[in-house]
Amino acid sequence: MIDLFSGLDAWVLVSLLLALTFVLAFEFINGFHDTANAVATVIYTKAMPPHLAVFFSGVFNFLGVLLGGVGVAYAIVHLLPVELLINVNTGHGLAMVFSLLAAAITWNLGTWYFGIPASSSHTLIGSILGVGLANALINDIPLGDGVNWQKAIDIAMSLVVSPMAGFAVAALVLIGLKWWRPLSKMHKTPDQRRKLDDKKHPPFWNRMVLVVSAMGVSFVHGSNDGQKGIGLIMLVLIGIVPAKFVLDLNSTTYQIERTRDATLHMSQFYQRNAATLGEFLALGKAKSSDLPEQFSCNPQQTEPTIAALQASLQGVTDYHSLSADKRVEVRRYLLCLDDTAKKVGKLPGLEAREKADLEKLRKDLTATTEYAPFWVIVAVALALGLGTMVGWKRVVLTVGEKIGKQGMTYAQGMSAQITAACAIGMANVFALPVSTTHVLSSGVAGTMVANKSGLQGGTVKTILLAWVLTLPASMGLAAGLFWLASKAIG
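My aim in this report is to walk through the structure given alongside it, one point at a time.

Reading the values: rules and limits
- Within every chain, residues take consecutive numbers counted from 1 along the sequence as written.
- The predicted origin of the model limits local features to residues at a pLDDT of at least 70 and limits the giving and counting of side-chain atom pairs to 80 or more, whereas totals for whole chains, interfaces and linings rest on all residues.
- Neither water nor hydrogens contribute to the side-chain values; these are computed over all heavy atoms in the structure.
- Runs of H or I in DSSP of at least four residues are treated as helices and runs of E of at least two as strands, each being numbered from the N terminus.
- Contacts are assigned to residue pairs with any non-hydrogen atoms lying within 4.5 Å of each other.
- In these tables, accessible area is a Shrake-Rupley quantity obtained with a 1.4 Å probe, and a residue counts as shielded only by the protein chains included in the view.
- Throughout this description, the term salt bridge denotes a Lys or Arg side-chain nitrogen within 4 Å of a carboxyl oxygen of Asp or Glu.
- Accessibility here uses a 1.4 Å probe with only protein chains present; expressed as a share of the type maximum, an area under 20% marks a residue as buried, one over 50% as exposed, and anything in between as partly exposed.
- As used in this structure description, the phrase polar contact means that two N or O atoms lie within 3.5 Å; if the pair is within protein, one of them must be able to donate a hydrogen and the other to accept it, and residues adjacent in sequence are counted only when both atoms belong to side chains.
- To count toward a patch, a residue needs a relative accessible area above 30% and no salt bridge. Like charges then connect within 9 Å, nonpolar side chains (Val, Leu, Ile, Met, Phe, Trp, Tyr) within 5 Å.
- Two aromatic rings, drawn from Phe, Tyr or Trp (for Trp, its six-membered ring), form a pair once their centres lie within 6.5 Å of each other, and the interplanar angle then sorts them: stacked below 30 degrees, edge-to-face above 60, tilted otherwise.
- A ring has a charge above it when a Lys NZ or an Arg CZ is no more than 6 Å from the ring centre and no more than 35 degrees off the ring normal.
- Any helix carries an expected span of 1.5 Å times its number of residues minus one.

### Thoughts on the overall build of the protein
Moving on, step 1. Scanning the protein from N- to C-terminus turns up 19 helices and 0 strands.
Moving on, step 2. A sequence separation of at least 24 residues applies to 83% of the contacts in the protein between residues at least 6 apart.
Moving on, step 3. Surface exposure of the protein reaches about 20,700 Å², of which carbon and sulfur atoms provide 64%.

Shown next as structure tokens:
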């Protein structure tokens, strides 16, 4: 990590440290919001004392970030259009990063202060979309090209569907538990347990399920929300010190060869499907000289891009041997080929087997660009864990007592947590960001309805209002800040 700071101008170094601080602050505040939800139920039901719950939640968040990969991280990054990602410079990168982070932090702090379980995921995604759209307006780019709308739609669907699924599934799980053991003590609230049984803690097996499911939620939260922080830090590093981070400089010779082979096999793939793709890719028509100086991604430049990439990687066994400009150039080629492959994969006429082959080639192609250094993963995990330990009380109270008209029973807590762990875990498999806050809160609401406890209208309206306003508010705030920053840097 030390070589990160070597050879940097003083102002770039200060900007980098400030930007990294902003990202870690966002993840710390994320702990107030989302990680607190992972322990809200287990603390409220007295299954674990708060200090142990937040400690072990931090541990499992750390493990989730460590083992979760980077699929969700780059799903967030690729919300921005590939043109913005490949042509970013230091000044532009700073404006982009600080605008979206300032917007996200401002909204998160405000909703946390009022104890509203708002979604850090919505906030971050709204901020990124706001920057993308503002960039389009400033540079006279069509709004349709200002954001990767297909990725935005995929993410929006996951954010909308997951709370609905959480509500319904948690309700069904509770109904199943009531049918299976209608007289069980798991259907008591902590207050009822204390008054009727003179016991402070849940029954043993209920307690075990609550603890295990809470740690499960912590783990999948780390692997989902933690990756959002990883994606942000990679945006910072690539935007401010591109020479050191546009490619994974620790890539082995084998990984570089794999990348080079992927470009060759991709060329063969396109030739094999020339009858279907020839016109879309202008196969046999474009030349290397057609590549513009201000690099832009165009499917009709695919053949010359492949040729240029193969020439750049010829004989390369270590990315350190490439000059800083050449590394940036190689990343541009790789991102453009990946972007074109995504578009090709959605074209009609390709067989399912061919699409599967193309997807495998894409993974090989991006193996050395979609990565995160180990210190980034550790820093994000620590920020999440510390945020949990500081700010959990407000959200625990809201989840436990203010969603339903009655307190939460042990069975409701188990139902909501098991549902949240499974839903977020499935989202991780498909590299889709979801909101822990919305999944768990909607799961609790579903169990309240299934238990015929009723919902507190005021709290539910507040949560829904935050859910509706978060996206446009963070978009507008980030767009305004980015416009001001862009004007300031000329």
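On we go from here.
### Topic: the pattern of salt bridges
Moving on, step 1. One pass over the full model with this rule turns up 11 salt bridges.
Moving on, step 2. Two residues, aspartate 191 and arginine 194, come together in a salt bridge whose shortest N-O distance is 3.0 Å. Of this pair, aspartate 191 and arginine 194 both sit in helix 8 (residues 190-197), 3 residues apart, roughly one helical turn.
Moving on, step 3. Among the ionic contacts, a cluster of salt bridges with common partners joins Asp338, Lys342, Glu359 and Arg362.

### Looking at the side chain of serine 158
Moving on, step 1. Note that serine 158 resides in helix 7 (residues 149-180).
Moving on, step 2. Using a relative accessible area of 10% as the deciding quantity, one classes serine 158 as buried.
Moving on, step 3. At 2.9 Å, the side chain of serine 158 forms a polar contact with the backbone oxygen of proline 433.
Moving on, step 4. The contacts of serine 158, once residues within four sequence positions are left out, are Pro163, Leu432, Pro433 and Val434.

### Overview of a nonpolar patch on the surface
Moving on, step 1. A cluster of nonpolar side chains, Leu52, Phe55, Phe56, Val59, Leu63 and Leu67, forms an exposed patch at the surface whose accessible area comes to about 490 Å².
Moving on, step 2. Position of leucine 67 among the secondary structure elements: in helix 2 (residues 50-67).

### As for the packing of aromatic side chains
Moving on, step 1. Enumeration according to the criterion identifies 4 aromatic pairs in this entry.
Moving on, step 2. Between the aromatic rings of phenylalanine 55 and phenylalanine 56, the centroid separation amounts to 5.2 Å while the plane-to-plane angle is 75°, which identifies the pairing as edge-to-face.
Moving on, step 3. A residue is classified by how much of its surface remains accessible, and phenylalanine 55, at 44% relative accessible area, is partly exposed.
Moving on, step 4. Centroid distance phenylalanine 269 to tyrosine 270: 5.7 Å. Interplanar angle 70°. Geometry classified as edge-to-face.
Moving on, step 5. Exposure remark for phenylalanine 269: the relative accessible area of 1% places this residue in the buried category.
Moving on, step 6. Given the relative accessible area of 1%, tyrosine 270 is considered buried.
Moving on, step 7. The ring of tryptophan 180 is capped by arginine 181, whose NZ or CZ atom sits 5.5 Å from the centre of that ring.

### Focus on helix 6 (residues 120-138)
Moving on, step 1. The end-to-end C-alpha distance of helix 6 is 27 Å, a good match for the 27 Å that 19 residues give at a rise of 1.5 Å each.
Moving on, step 2. Of all 19 residues making up helix 6, 17 are buried, and the element is well covered by its neighbours.

### Examining the environment of valine 82
Moving on, step 1. Within the secondary structure, valine 82 is located in helix 4 (residues 82-86).
Moving on, step 2. The exposure class assigned to valine 82 is buried, which follows from its relative accessible area of 14%.
Moving on, step 3. Leaving out residues up to four positions away in the same chain, valine 82 has contacts with Cys297, Leu335 and Asp339.

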